[in-house]
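Below, each chain spelled out in residue letters.
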Amino acid sequence: MAPMKEKNFCYKSVAFSGGVILLFDNYKAHKDDDVKINCFNGMLFIELGDNVFLVTEQLLHQLMKTPVIFICVGAPDEYEITHAVNEIDVDREVLSQVKGALTVISKQMIH
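Small disclaimer: the values here were computed from a predicted structure and weren't measured.

About the cut-offs
Residues numbered from 1 in each chain as written. Predicted model: local features only at pLDDT ≥ 70, side-chain atom pairs only at ≥ 80, totals over all residues. Heavy atoms only, no water. Pairing = 2+ DSSP bridges. Helix = DSSP H or I, 4+ residues; strand = E, 2+ residues; numbered from the N terminus. Axes fitted to C-alpha atoms, helices over the stretch in contact; angles between N-to-C directions. Contact = heavy atoms within 4.5 Å.

**Looking at the sheet that holds strand E7 (residues 83-89)**
Part 1: Strands sit in the order E3-E4-E5-E1-E2-E6-E7 across an open sheet of seven strands; the sheet is mixed. Since the sheet does not close on itself, it has two edges, and those belong to strand E3 (35-40) and E7, each with one partner. For this sheet the average axis-to-axis angle between neighbouring strands, irrespective of direction, equals 30°.
Part 2: As paired strands, strand E1 (residues 8-16) and strand E5 (residues 51-55) are joined by two bridges and run parallel to one another. Considered in E5, the bridge of Phe9 is made with Val52.

And the structure:
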């Protein structure tokens, strides 16, 4: 049996006029083509390699206005950014796909 990969989960996301900041305790670099959209328990998650973050309607709304994600690392008990490790310009077509997936999930949860 292959060992399970350890995932890095975003512990805080902040929407602001310049885009979205995702705070991780630890972040591992990923390849551009190593991005997945997953649904779990009625919630939508994006995987950037071994790094995972929850997509909320508020987060998606901000990304539709300003499609930039800033990846930052810092201790979760301090909510302090140690350093920025990546800046991702998000393709609007990808955002439309994510918005569609979030809409489908929301409708499924109602029924």
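**Digging into the pairing of E3**
Part 1: Across six bridges, the pairing between E3 and strand E4 (residues 43-48) is antiparallel. If you follow Val35 over to E4, its bridge partner there is Leu48.
Part 2: In this structure, the hairpin formed by E3 and E4 is closed by a connection of two residues, where Asn41 is found at a positive phi of approximately 55°.

**Comments concerning the environment of Phe16**
Part 1: Along the chain, the position of Phe16 falls in strand E1.
Part 2: Taking the C-alpha atoms as reference points, Phe16 and Thr66, 50 residues apart in sequence, are found 8.9 Å from one another.
Part 3: When sequence neighbours within four positions are dropped, the list of residues in contact with Phe16 reads Ile21, Gln62 and Phe70.

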